[in-house]
Amino acid sequence: MEIIPPINLKAQYETIRAEIEAAVAAVFARGVFILDQETEAFEREFAAFCGVSHAIGVDSGTSALHLALRACGIGPGDEVISVAHTAVATIAAIEMSAARPVLVDIDPQRMTLDPSRLEQALTSRTRAILPVHLYGCPADLDAILAFARAHNLFVIEDCAQAHGATWRGQPVGGWGDIAAFSFYPTKNLGAYGDGGAIVTNNTALAEKVRQLRQYGWKERYISESKGFNCRLDELQAAILRIKLRHLPAWNTQRQELAALYDQLLAGSGLILPTIPIDTTHVYHQYVIKLEKRDHLREFLSKNGIHSLVHYPVPVHLQPAYQDLGYATGSLPNTEQAALQVLSLPLYPELSHENAARICEKILEFAKLNTNF
Ligand SMILES: Cc1ncc(COP(=O)(O)O)c(C=O)c1O
């Protein structure tokens with residue numbers, strides 16, 4: 001029985017090995033490893049991909065969110081509205097900026113921030129909304145941007161899972177004031193190590209981020225502000241440049257696999273992903289929902305198919321975040337999602353035969369079980 005992993009980075013490497021080896025060798029030969037021509041070129045190319053004026057490479061998605069918040073001047077005493085159905089990093093970054101995360105529930109169809117909850121979460125301290133384009137699907141930007149404009153709030157997009165996703169034909173990342181991407185290896189665009197980027201059309205914010213990522217330097221050895229060290233390195237930038245060229249084709253392959261899942265699982269009784277109007281989804285994850293999630297996961301695993309759960313414990317119920325003061329039951333859609341979501345294997349190199357085998361097994365499970 002062929003084992004199907006949830007992700008397969010080795011398979012992707014085999015398809016680009018020669019290009020990567022040449023790019024890495026060129027960096028070694030030049031002998032400059034920090035903030036040089038590869039990073040500058042990647043920043044130009046990634047800004048063009050996102051349709052924005054500026055991209056700044058950093059060392060992780062968490063750093064990208066942290067610096068984006070800091071560049072907006074967010075700090076102690078400020079509140080930032082976001083969601084608990086996300087990677088803990090989203091909320092960790094808000095706390096790194098010393099602001100208080102205010103968590104609202106998700107829209108259960110879209111699985112992203114429910115804009116109808118914003119009014120209730122708004123206080124005189126609210127400075128920003130931080131929507132997460134989870135699983136590769138844009139959050140409800142229309143309503144979020146309108147609310148932010150009406151209340152003079154920053155919008156900071158968490159695009160860690162949505163490289164290339166679009167709303168109204170424009171990529172995510174350029175809609176809010178500033179946005180953060182992660183290049184964690186498993187992302188749609190992943191480095192071979194950690195990496196991230198901030199993108200924005202706002203030149204002043206871009207300049208602040210550039211300073212903050214390197215000790216607050218305005219010029220070498222002169223710190224205009226108190227900064228950090230969150231630089232992207234040349235090796236990762238060189239790797240990301242190669243992979244960025246393949247990203248549109250990889251996203252298409254993900255979309256084709258998702259369409260196959262949609263087709264083969266239609267009528268199964270499972271809740272399948274929905275694509276909101278005016279958006280393109282880039283399927284960082286293909287997430288189904290069912291009550292008997294753990295049973296199905298075990299059944300698939302026994303059949304050599306390994307799935308994942310994003311995420312089993314929402315941030316407000318994590319042991320470390322009890323001080324935020326949200327009891328069990330306070331974010332019902334979020335808590336239900338944590339119990340029901342299952343991410344099926346999805347990566348560009350997954351064969352259509354294997355995707356069909358996964359669906360066959362899921363349908364077999366559905367036949368054996370009622371009320372799943
Ligand atoms: C939605 C979201 N935000 C933020 C991050 C943080 O990115 P990184 O792991 O690169 O710090 C991730 C990735 O784990 C993520 O999925």
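Residues numbered from 1 in each chain as written. Predicted model: local features only at pLDDT ≥ 70, side-chain atom pairs only at ≥ 80, totals over all residues. Heavy atoms only, no water.

**Brief notes about the overall build of the protein chain**
Part 1 of the argument: For the protein chain, the count of helices and strands is 11 helices and 14 strands.
Part 2 of the argument: Computed over its C-alpha atoms, the radius of gyration of the protein chain comes to 21 Å, within 12% of the 21 Å expected for a compact globule of 372 residues.
Part 3 of the argument: Projected onto its principal axes, the C-alpha positions of the protein chain cover 70 × 55 × 40 Å.
Part 4 of the argument: Across the 372 residues that make up the protein chain, the buried fraction comes to 56%. (Helix = DSSP H or I, 4+ residues; strand = E, 2+ residues; numbered from the N terminus. Rg over C-alpha atoms; globule rule 2.2 N^0.38 Å. Buried < 20%, exposed > 50% of the residue type's maximum accessible area, 1.4 Å probe, protein only.)

**With respect to the domain arrangement of the protein chain**
Part 1 of the argument: Once the domains are mapped, the protein chain shows domain 1 (9-103 + 112-241) and domain 2 (247-368).
Part 2 of the argument: Using only C-alpha atoms to locate each centre, domain 1 and domain 2 end up separated by 25 Å.
Part 3 of the argument: Counting residues at the interface gives 34 residues for domain 1, matched by 32 residues for domain 2.
Part 4 of the argument: Sorting the residues of domain 1 by area buried against domain 2 places Leu103, Tyr135 and Asn188 first, and these three jointly supply 25% of that buried surface.
Part 5 of the argument: In this structure, the connection of domain 1 to domain 2 is made through 1 salt bridge.
Part 6 of the argument: Between Arg168 and Asp278 there is a salt bridge whose closest N-O contact spans 3.8 Å.
Part 7 of the argument: Every element with two or more residues in the side of domain 1 that touches domain 2 is listed here: α1 (9-30), α4 (88-96), β3 (100-104) and β6 (166-167).
Part 8 of the argument: Tallied by class, the residues present in the side of domain 1 that touches domain 2 amount to 19 nonpolar, 10 polar and 5 charged. (Domains from an automatic or database assignment. Contact = heavy atoms within 4.5 Å. Buried area = accessible area lost by both parts, 1.4 Å probe. Salt bridge = Lys/Arg side-chain N within 4 Å of Asp/Glu carboxyl O. Nonpolar A, V, L, I, M, F, W, Y, C, P; charged D, E, K, R; others polar.)

**Examining the sheet that holds β6**
Part 1 of the argument: Here we have 3 strands laid out as an open sheet, ordered β7-β6-β12, and antiparallel in their pairing. Strands with a single pairing partner mark the edges of an open sheet, and in this sheet they are β7 (170-171) and β12 (279-280). (Pairing = 2+ DSSP bridges.)

**Thoughts on a nonpolar patch on the surface**
Part 1 of the argument: Together, Phe28, Phe33 and Ile34 make up a nonpolar patch on the protein surface, roughly 280 Å² of accessible area in all.
Part 2 of the argument: The topology assignment puts Phe33 in the loop between α1 and α2 (37-50). (Patch = residues over 30% accessible without salt bridge, like charges linked within 9 Å, V, L, I, M, F, W, Y side chains within 5 Å. Areas by Shrake-Rupley, 256 points an atom, 1.4 Å probe, with all protein chains shown as cover.)

**Observations regarding the packing of helix α3 (residues 61-71) against α4**
Part 1 of the argument: At their nearest, the axes of α3 and α4 sit 8 Å apart, and the two run at 40° to each other. Regarding the angle of α3 to α4, the classification is oblique. Crossing angle aside, the handedness with which α3 passes α4 is right-handed. Residues Thr62, Leu65, His66, Leu69 and Arg70 of α3 lie in contact with α4, whose contacting residues are Ala89, Thr90, Ala93, Ile94 and Met96.
Part 2 of the argument: Of the residues in the contact of α3 with α4, the class split is 6 nonpolar, 3 polar and 1 charged. (Axes fitted to C-alpha atoms, helices over the stretch in contact; angles between N-to-C directions. Parallel < 35°, antiparallel > 145°, perpendicular 65-115°, else oblique. Left-handed = near helix turned anticlockwise from the far one by under 90°.)

**Quick word on the packing of aromatic side chains**
Part 1 of the argument: The full count for this structure, using the stated rule, is 13 aromatic pairs.
Part 2 of the argument: Taken together, a centroid distance of 5.9 Å and an interplanar angle of 90° make the contact between Tyr13 and Tyr192 edge-to-face. Residue Tyr13 is located in helix α1, and its partner Tyr192 is located in the loop between β8 (178-182) and β9 (196-200); the two are separated by 179 residues in the primary sequence.
Part 3 of the argument: Take Tyr192: its relative accessible area is 29%, and that puts it in the partly exposed class.
Part 4 of the argument: Note on Phe42 and Phe46: the rings are 5.5 Å apart at their centroids and 20° apart in plane angle, and the pair reads as stacked. Here Phe46 and Phe42 lie together in helix α2, a separation of 4 residues that amounts to about one turn. Phe46 shares its class with Phe42; the two are buried.
Part 5 of the argument: Within the aromatic cluster, the residues linked to one another by ring pairs are Phe42, Phe46, Phe49, Phe181 and Phe183. (Phe/Tyr/Trp six-rings, centres within 6.5 Å; stacked < 30°, edge-to-face > 60°.)

**Let's talk about the packing of α1 against helix α8 (residues 234-265)**
Part 1 of the argument: Two numbers describe how α1 lies on α8: the axes approach to 9 Å, and their chain directions differ by 145°. Crossing hand, α1 versus α8: right-handed. Where α1 abuts α8, its residues Gln12, Ile16, Glu19, Ile20, Ala23, Val24, Val27 and Phe28 lie against Glu234, Leu235, Ala238, Ile239, Ile242, Lys243, His246 and Trp250.
Part 2 of the argument: Within the contact of α1 with α8, the residues separate by chemical class into 11 nonpolar, 2 polar and 3 charged.

**Digging into the site of the ligand**
Part 1 of the argument: In the neighbourhood of the ligand, 16 residues make up the surrounding shell, with Gly61, Thr62, Asp158, Gln161 and Ser182 lying closest.
Part 2 of the argument: Here Thr90 contributes a side-chain N or O atom positioned 3.4 Å from a nitrogen atom of the ligand.
Part 3 of the argument: The fraction of the free accessible surface of the ligand (380 Å²) that becomes covered by protein chains is 89%.
Part 4 of the argument: Elements with a minimum of two residues in the shell around the ligand: α3 and α4.
Part 5 of the argument: Counting residues per element, the shell around the ligand draws most heavily on α3, at 3 residues.
Part 6 of the argument: Looking at side-chain class alone, the shell around the ligand contains 6 nonpolar, 8 polar and 2 charged residues. (Near = heavy atom within 4 Å. Polar contact = N/O pair within 3.5 Å; in protein donor to acceptor, adjacent residues only side chain to side chain.)

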